[in-house]
2 protein chains.
Amino acid sequence: MSVNASMSGFPEFDTAGRIVEDYVLRTVSEVFELHGFARIETRALEPLEELQRKGEIAKEVYVVSRLHAQEEEDAKIGLHFDLTVPFARYVTERRGQLNFPFKRYQIQKVWRGERPQEGRFREFTQADIDVVALDELPQHFEREIPLVMAEVFNRLPMPEVEIHVNSRKLLQGAGEHLGIDDILPVLQTIDKLPKIGADAVGELLGEQGLSASQIELLLKLTSLQARTPQELAAAHGLGIDSPLFLEGLADVEALLAGAKTTGKATIVADLSIARGLDYYTGMVYETFIPSAASLGSICSGGRYDSLISDSRHAYPGVGMSIGVTRLVSQMIARGWAVATRSVPTAVLVAVDSEETRSESEAIAAIFRARGISCEVSPQASKYGKQIRYADRRGIPFVWFSGTNEVKDIRSGEQVSADPNSWTPPEADVRPQVVAGE
Amino acid sequence: MSVNASMSGFPEFDTAGRIVEDYVLRTVSEVFELHGFARIETRALEPLEELQRKGEIAKEVYVVSRLHAQEEEDAKIGLHFDLTVPFARYVTERRGQLNFPFKRYQIQKVWRGERPQEGRFREFTQADIDVVALDELPQHFEREIPLVMAEVFNRLPMPEVEIHVNSRKLLQGAGEHLGIDDILPVLQTIDKLPKIGADAVGELLGEQGLSASQIELLLKLTSLQARTPQELAAAHGLGIDSPLFLEGLADVEALLAGAKTTGKATIVADLSIARGLDYYTGMVYETFIPSAASLGSICSGGRYDSLISDSRHAYPGVGMSIGVTRLVSQMIARGWAVATRSVPTAVLVAVDSEETRSESEAIAAIFRARGISCEVSPQASKYGKQIRYADRRGIPFVWFSGTNEVKDIRSGEQVSADPNSWTPPEADVRPQVVAGE
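Every value quoted in this text rests on a predicted model; they were computed, and no experiment measured them. (Residues numbered from 1 in each chain as written. Chains lettered and ligands numbered in written order. Predicted model: local features only at pLDDT ≥ 70, side-chain atom pairs only at ≥ 80, totals over all residues. Heavy atoms only, no water.)

## Let's talk about the overall build of chain A
Moving on, step 1. Within chain A, the secondary structure is distributed over 14 helices and 19 strands.
Moving on, step 2. Overall size of chain A, expressed as C-alpha extent along the three principal axes, is 90 × 60 × 40 Å.
Moving on, step 3. Put simply, chain A has 437 residues, and 58% of those count as buried.
Moving on, step 4. Across chain A, every contact between residues at least 6 apart in sequence was considered, and the portion connecting residues at least 24 apart equals 69%.
Moving on, step 5. On chain A, roughly 17,600 Å² of surface is accessible, and the fraction owed to carbon and sulfur atoms is 48%. (Helix = DSSP H or I, 4+ residues; strand = E, 2+ residues; numbered from the N terminus. Buried < 20%, exposed > 50% of the residue type's maximum accessible area, 1.4 Å probe, protein only. Contact = heavy atoms within 4.5 Å. Areas by Shrake-Rupley, 256 points an atom, 1.4 Å probe, with all protein chains shown as cover.)

## Topic: the interface of chain A and chain B
Moving on, step 1. Counting residues at the interface gives 83 residues for chain A, matched by 83 residues for chain B.
Moving on, step 2. Carbon and sulfur atoms make up 50% of the area that chain A and chain B hide from each other, which totals about 6,600 Å².
Moving on, step 3. Summed over the shared surface of chain A and chain B, the result is 6 salt bridges.
Moving on, step 4. A salt bridge links Glu-41 of chain B to Arg-18 of chain A, with the shortest nitrogen-to-oxygen separation between them at 3.9 Å. (Buried area = accessible area lost by both parts, 1.4 Å probe. Salt bridge = Lys/Arg side-chain N within 4 Å of Asp/Glu carboxyl O.)

## A look at unusual backbone geometry
Moving on, step 1. The peptide bond linking Phe-100 of chain A to Pro-101 of chain A adopts the cis configuration, its omega dihedral lying at -5°.
Moving on, step 2. Among the structural elements, Pro-101 of chain A can be located in the loop between α3 (84–94) and β5 (102–111).
Moving on, step 3. The phi dihedral of Asp-135 of chain A falls on the positive side, at around 70°, and the residue is not glycine.
Moving on, step 4. Although it is not a glycine, Asn-404 of chain B adopts a positive phi angle of roughly 50°.
Moving on, step 5. Take Asn-404 of chain B: it is sitting in the loop between β16 (397–400) and β17 (405–408).
Moving on, step 6. Overall, the relative accessible area of 27% leaves Asn-404 of chain B in the partly exposed class.

## Section: the sheet that holds strand β4 (residues 77–79) of chain B
Moving on, step 1. Strand order in the open sheet formed by 6 strands is β2(A)-β4(A)-β3(A)-β3(B)-β4(B)-β2(B), with antiparallel pairing between adjacent strands. In the strand order of this sheet, the two ends are held by β2 (45–47) of chain A together with β2 (45–47) of chain B, each with one partner. Taken over all neighbouring pairs, the strand axes of this sheet differ in orientation by 45° on average, direction set aside.
Moving on, step 2. Bridge count between β2 of chain A and strand β4 (residues 77–79) of chain A: 3 bridges; the pairing is antiparallel. Paired with Glu-46 of chain A across the strands is Gly-78 of chain A, a residue of β4 of chain A. (Pairing = 2+ DSSP bridges. Axes fitted to C-alpha atoms, helices over the stretch in contact; angles between N-to-C directions.)

## Some remarks on the packing of helix α1 (residues 15–34) of chain B against helix α4 (residues 140–155) of chain B
All names here are of chain B.
Moving on, step 1. With their axes 9 Å apart at the nearest point, α1 and α4 run at an angle of 145° to one another. In terms of crossing hand, the pair formed by α1 and α4 is right-handed. On α4, the residues touching Tyr-23, Thr-27, Val-28, Glu-30, Val-31, Phe-32 and Leu-34 of α1 are Val-148, Met-149, Glu-151, Val-152 and Arg-155.
Moving on, step 2. Looking at the contact of α1 with α4 residue by residue, the classes come out as 8 nonpolar, 1 polar and 3 charged. (Left-handed = near helix turned anticlockwise from the far one by under 90°. Nonpolar A, V, L, I, M, F, W, Y, C, P; charged D, E, K, R; others polar.)

## Quick notes on the side chain of Arg-66 of chain A
Moving on, step 1. On the secondary structure map, Arg-66 of chain A appears in strand β3 (residues 62–66).
Moving on, step 2. Overall, Arg-66 of chain A belongs to the buried group, its relative accessible area being 14%.
Moving on, step 3. Of the polar contacts made by the side chain of Arg-66 of chain A, one reaches the backbone oxygen of Gly-113 of chain B; its length is 2.6 Å. (Polar contact = N/O pair within 3.5 Å; in protein donor to acceptor, adjacent residues only side chain to side chain.)

## So, the nonpolar core
Moving on, step 1. In this structure, Phe-32, Phe-153, Met-158, Ile-322 and Leu-327 of chain B are the most contacted members of the largest nonpolar core, which totals 82 residues.
Moving on, step 2. Excluding anything up to four places from it in sequence, Met-158 of chain B contacts Phe-153, Lys-264, Ile-289, Ile-298, Leu-327, Met-331 and Trp-336 of chain B.
Moving on, step 3. Counting 81 residues, the second-largest nonpolar core is a separate cluster that includes Leu-170, Ala-226, Leu-238 and Ala-265 of chain A. (Core = buried A, V, L, I, M, F, W, Y, C linked by side-chain atoms within 4.5 Å.)

## Re the packing of aromatic side chains
Residue and element names in this part refer to chain A.
Moving on, step 1. Here the structure, examined in full by the defined rule, presents 24 aromatic pairs over all chains.
Moving on, step 2. On the numbers, 6.2 Å between centres and 85° between planes, the contact of Tyr-279 with Tyr-304 is edge-to-face. Of this pair, Tyr-279 sits in the loop between β9 (265–270) and β10 (280–288) while Tyr-304 sits in strand β11 (residues 299–304); the two residues are 25 residues apart in sequence, bridging distant segments of the chain. One exposure class covers both Tyr-279 and Tyr-304, and it is buried.
Moving on, step 3. Taken together through their ring pairs, the aromatic side chains of Phe-367, Phe-397, Trp-399 and Trp-422 make up a single cluster. (Phe/Tyr/Trp six-rings, centres within 6.5 Å; stacked < 30°, edge-to-face > 60°.)

Okay, structure coming up:
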């Protein structure tokens, strides 16, 4: 299942890989819709001005212009690098027509002009959910979003997943308690914990002017992990008493209490999760696969209070985004998921001679009307050659219309059958996605 | 159902419009897969060199570059303007792995830097099917492709459709018969028939050096339309006897004979269909909606023998492409199709108080496990307010978890029910797409 493409960083799955990706996208959409998220799509291009509002990431933007554009004729535009910036613009443009809280999902390609490297693509698909409210967003939505994602992962063919959650209020509250004025650079340093470790982060914080006791408390705080409200109680023992800290702790506790996970996805309070982006104000999320830790986070997000606003209102929101292409390419590469065949076709209707092709086409029409995918053999060659045509594609059945017999080409079993009633076994009707060897 | 977006030519449907578009895309995919077409996706970007191979259209290309690219660092790339050029590249790259004949479908956005005008977009979705063979493509695939498209249109909420077919062999054969050496400029003039009419086309052909008798025969030929092989017999009366002409006539006759249309799509032999592109070599197709003729062709294509080739082989193919965005925007604007609601949600589970929210969430989980989309009310406000929340979104049912009662908010009927067994009527489980008023 190659993802080769002649341009580095622009993956293209083969047809079997596409069946895995389609299965993932259908599952994702289904879970999102079960929770009442409505699907939108935004254009791929945004004014450069909008794209550059999001700071650091802007260096990766692809700029777009018409080949024969007159100088200065067109506005400066670029390809979107995520689905959050376009969604913010969409909400602002349609604020008069939307019903708030507005729950949307969006599955689209995004583009980033990064140097391609393992598992990093320049073009890839993201699947986002967000809830955006008018003026006030109830806190329970910060609990809902990661639980929706947990349900997505529970249904996908992949190993166990941990959704790590934290609240900006905890680190910000700790900062208040410690008398640190500007917490953002501290957050950005803490964000480096998984890459460089606690000692190096401690050193960097020292260089940023923090005292040894400030650093000690922050490192103690960020080392805490908990899967139950009881385990999280250790955070109370740190002696941090700022109201913001206690509020954040209550938020995280409530999520752990409500996360009665029965599947493979677990919610883990992880007080080291900082997220570099400046616009998060409440809970933040990152998702890891412990058995494939090198993958990094496959699904991230958080709550933002002032990302979307106009002169009269704020539109606070909370959301998460799955990196679909990276996840699917790993599912395939690591054998978590395999398609049972590479074509939708369940039955190849053989052709005896070009003169009787229309009879085979009539049989095929009967199957299609009954929802069974089939092809008519491209050539009236010897049956052995027609069977090999099916075999090479993984088409499980060949139908002989002259005699109305059907052959399972895997077992070789051949039986008489009526095209108006014969149905392939459930597992053969469509290509299935199953766990690999 | 607005398609407003702040950039002209870049349409964005609202959530109800998206439900119509999703319905169309699902129907299209389903019919394609029933006929054994496998789904692929290609990257949005191609080398400019590839994009400019296709002649005239190249002026509309959007060029893409990294914002902070060093001079000459990157290859020149652009956004694809159709799905044919990328597919040709895909086949050439993977010719060693593909099983021929290779049947693929592809549904993706394309971009054209044209001046936006009514019904013309700069970003829009195309849905393509193609069959590509190694060295030889059996003619029956030229019959299959328009019949697959007819089945798509039969299933879509729209008025009657005519798929107009012709064969390049007819016009080329007529050219041979008339001693016209270079037929391509003649084809391109004939392509203007629907826009400027027969008189003006005759004048232009005269300016191109054709004699009055040549022009007379060509205009007689291109005026022919037929829905049955019998009607097409008139073409034999023109006295054109080149073998190529007779071969083309047989191809078109065979398609008419096999097109036992039972739905709203009709195959019409229309000998004026020329298609401006130089790479077509066999049958060509355009699709019109007679009751909305101003829309122009909504689905076009043809057979091409030398578009894809390498040093050792040719890969002849045949395909058609639906202009999905244009079609869907007209379905909505003309009221052919309407979504019954704008959100996936079938049931709003009311909340009595924030303290009992988890009980409402438990009810919602039961519904979701049973495949019923639901939301939990965002606020524990008065029931009247919660019902208005559902009403504004078109959510048909409100569930009261304290008493286990369900209210159909359209009729006002409220009954006791068990969340483990109660199911909304079939038509309310998901938003439906129905014919407009």
